[in-house]
Amino acid sequence: MKKTKVYQFPIQVPDKTLAHAWHWREKQQLLTVFYSIDHSQTLTYSSQLTLVDIDVDTGQVQRTGHWLYRKGEVETLRVAYLSATDSWMVASLANDVVVSHVTLQEGEQEAVVRSLLDDPIDGPAMLGPVLALWEVQEQCVVIYMKPMPDFAREADIRLGKMDASSAGGSEPITIERADSALVCVQESQMLLMTLNPRPGARWGFEVSGYRASPFVCTWRRDLDLSLTEAPTFPLTSDNNLSQTGINARVIAGQWPEQSEQNSWIIGVTMVDIFPFPGSGYSSKDASMLPKRVSLLTWVDANGRELWRCQEQMGLCLQLCQAGSLLIGVDLLEGRWRLRVWQPQQQPSLLSFAYLDQHLQRIHLVAGTSTSHERRFWVLTESEAGIEVARYTFRDQDRMASRHWLPGVHFLEPQNGFGALNWHEEIDAFVQEQTLFLLCIDADHHLALYRIEEEMSTAV
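The residue numbers shown here count from 1 along each chain, following its written sequence. Thresholds applied to this predicted model are a pLDDT of at least 70 for local features of residues and 80 or more for the giving and counting of side-chain atom pairs; totals over whole chains, interfaces and linings are not thresholded and use all residues. By convention in this description, side-chain values take in all heavy atoms of the structure and omit both hydrogens and water.

Novice: So what about the overall build of the protein chain? Which residues, and what values?
Specialist: In terms of helices and strands, the protein chain carries two helices and 33 strands. When the 459 residues of the protein chain are sorted by exposure, 57% land in the buried category. Whether two residues are in contact is decided by their heavy atoms, any of which lying within 4.5 Å being enough. Partitioning the intrachain contacts of the protein chain with sequence separation of at least 6 by distance along the chain shows that 53% fall at a separation of at least 24. Counting every atom, the protein chain has about 19,300 Å² of accessible surface; 48% of that belongs to carbon and sulfur. A run of DSSP states H or I qualifies as a helix once it reaches four residues; a run of E qualifies as a strand once it reaches two. Both are numbered from the N-terminal end. Any residue under 20% of the maximum accessible area for its type is buried, any over 50% is exposed, and the rest in between are partly exposed; the area is computed with a 1.4 Å probe on protein chains only. A 1.4 Å probe and the Shrake-Rupley method give the accessible areas. Residues count as covered only by the protein chains that appear here.

Below, the structure written as structure tokens:
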């Protein structure tokens, strides 16, 4: 494979922590990247937000804009593009959750910004995470969590709807309450997964299907797994296994026999972290704990189960679909595993492999597949850099091509406490046979790479 650094941004991120967001516009071949720079040392309680439009073919900046954000240091950014007006909805999380309408004017670098939603914090509890932001019929929908001021375990899951043509948005409403959650959006439908305490010192998951316009819950079901006999809450302030011990992943799927209908692929792992107080544990530590429950299932648009995996799932689960194949990576008993299923066949497990155990993070990106060739990308990070591998399944043949990016690293995930899928965030997308990756280069700059296919070898 051939590597090209398309663009190096004029900022350095030595700790790999950056509030950022991006949007790919295939028709224009433009990638728009947003990022925040903390200005609190020179401008009290302020950050500068920057927008950059990059032509991925030439690496040229088509336009740029910036504006001052006076709500403190931004922790998270989410964006949605409004094609009819060539403008943006930007959700930012600092001390408030703010959604703004952002427009760039010809020849001007100072963006025109209108705040449409501003939900401040109530008391000392921290707001967030921002679970989702998307566009529906030139309106914008934002989903975020807002803890109660009484320090209750559960937080409100709030929904706000905004119209760029109006002076503001509707008052945010609470649609559910949960300890932690995740959201997955597919066209005009949304799946919400929540983790909540249950009677008898049990913890379990619930999934709900929503129609986006008008916004209404159409189905709801419990996932039939839970941990019991827990002496304490699993998510406590003195135990950061709250993230490493409870993970979930949901992706939009297309069941081959129902290709015209939406479906969802749901993976959950919950490790019994209760007897292990204290901090300093990693995902690999948590994956060694013996008592766990897990689930990998495929459900249709109405929540009816189409397929259920019979194998046990590990932590840090990543999923993607490539044609009729479902690919998963997880961490179980300290070992990274790559598995490929063909859910329409029995037995469904098609391929299994252990990966390098010194890896720090692994991500999957679906490739361009046909009826004869199923492709996906595996991105792995170690202390030395990132390896990019593209796999092709062609009937009984399996091919792989690899490229090494020395000194290059992923950005850290933005969503933390409260997000079940904190581990899934990856700044990569595929255009035909090319993968684009937004990451940190060897000089600690934010950079955009293009990795193109040249040749493949059998594996």
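Right, picking up where we left off after that structure.
Novice: How would you sum up the pattern of salt bridges? Please name residues and give values.
Specialist: By definition, a salt bridge exists where a carboxyl oxygen of Asp or Glu is found within 4 Å of a side-chain nitrogen of Lys or Arg. By the definition in use, this model includes 25 salt bridges. With a closest N to O distance of 2.9 Å, Glu176 and Arg220 form a salt bridge. Linking Glu176 in strand β13 (residues 173–178) with Arg220 in strand β17 (residues 215–227), this pair joins segments that are 44 residues apart in sequence. In this structure Glu176 comes out as buried when scored by relative accessible area, which is 9%. Arg220 sits in the partly exposed class, given a relative accessible area of 42%. For the salt bridge of Arg402 with Glu387, the shortest nitrogen-to-oxygen distance reads 3.5 Å. Here Arg402, found in strand β29 (residues 397–406), pairs with Glu387, found in strand β28 (residues 385–394); they are 15 residues apart in sequence, far enough to count as distant. Classification of Arg402 as partly exposed rests on a relative accessible area of 41%. The exposure class of Glu387 is partly exposed, given its relative accessible area of 27%. Here the salt bridges share partners, and the residues they tie into one network are Arg25, Asp53, Arg63 and Asp86.

Novice: Can you tell me about the sheet that holds strand β6 (residues 76–82), naming the residues and giving the values?
Specialist: Strand order in the open sheet made by the four strands is β6-β7-β8-β9, with antiparallel pairing throughout. Each edge of the open sheet is held by one strand with a lone partner, namely β6 and β9 (112–120). Taking each pair of neighbouring strands and ignoring which way they run, the sheet shows an average axis angle of 15 degrees. Pairing between strands requires that DSSP locate at least two bridges from one strand to the other. Across six bridges, the pairing between strand β7 (residues 87–93) and strand β8 (residues 96–103) is antiparallel. Bridge assignment links Ser92 to a residue of β8, and that residue is Val98. Orientation is described by lines fitted to C-alpha atoms, with helices fitted over the stretch in contact, and by angles between N-to-C directions that extend from 0 to 180 degrees.

Novice: Tell me about the packing of aromatic side chains, and name the residues and values.
Specialist: For Phe, Tyr and Trp, where Trp contributes only its six-membered ring, two rings pair if their centres lie within 6.5 Å, and the inter-plane angle classes them as stacked under 30 degrees, edge-to-face over 60, or tilted in between. Using the criterion set out here, one finds 14 aromatic pairs in the structure. Where Trp255 meets Trp298, the ring centres are 4.9 Å apart and the plane angle is 90 degrees; that geometry is what we call edge-to-face. Of this pair, Trp255 sits in the loop between β18 (246–253) and β19 (263–271) while Trp298 sits in strand β20 (residues 292–300); the two residues are 43 residues apart in sequence, bridging distant segments of the chain. Trp298 carries the same exposure label as Trp255, and that label is buried.

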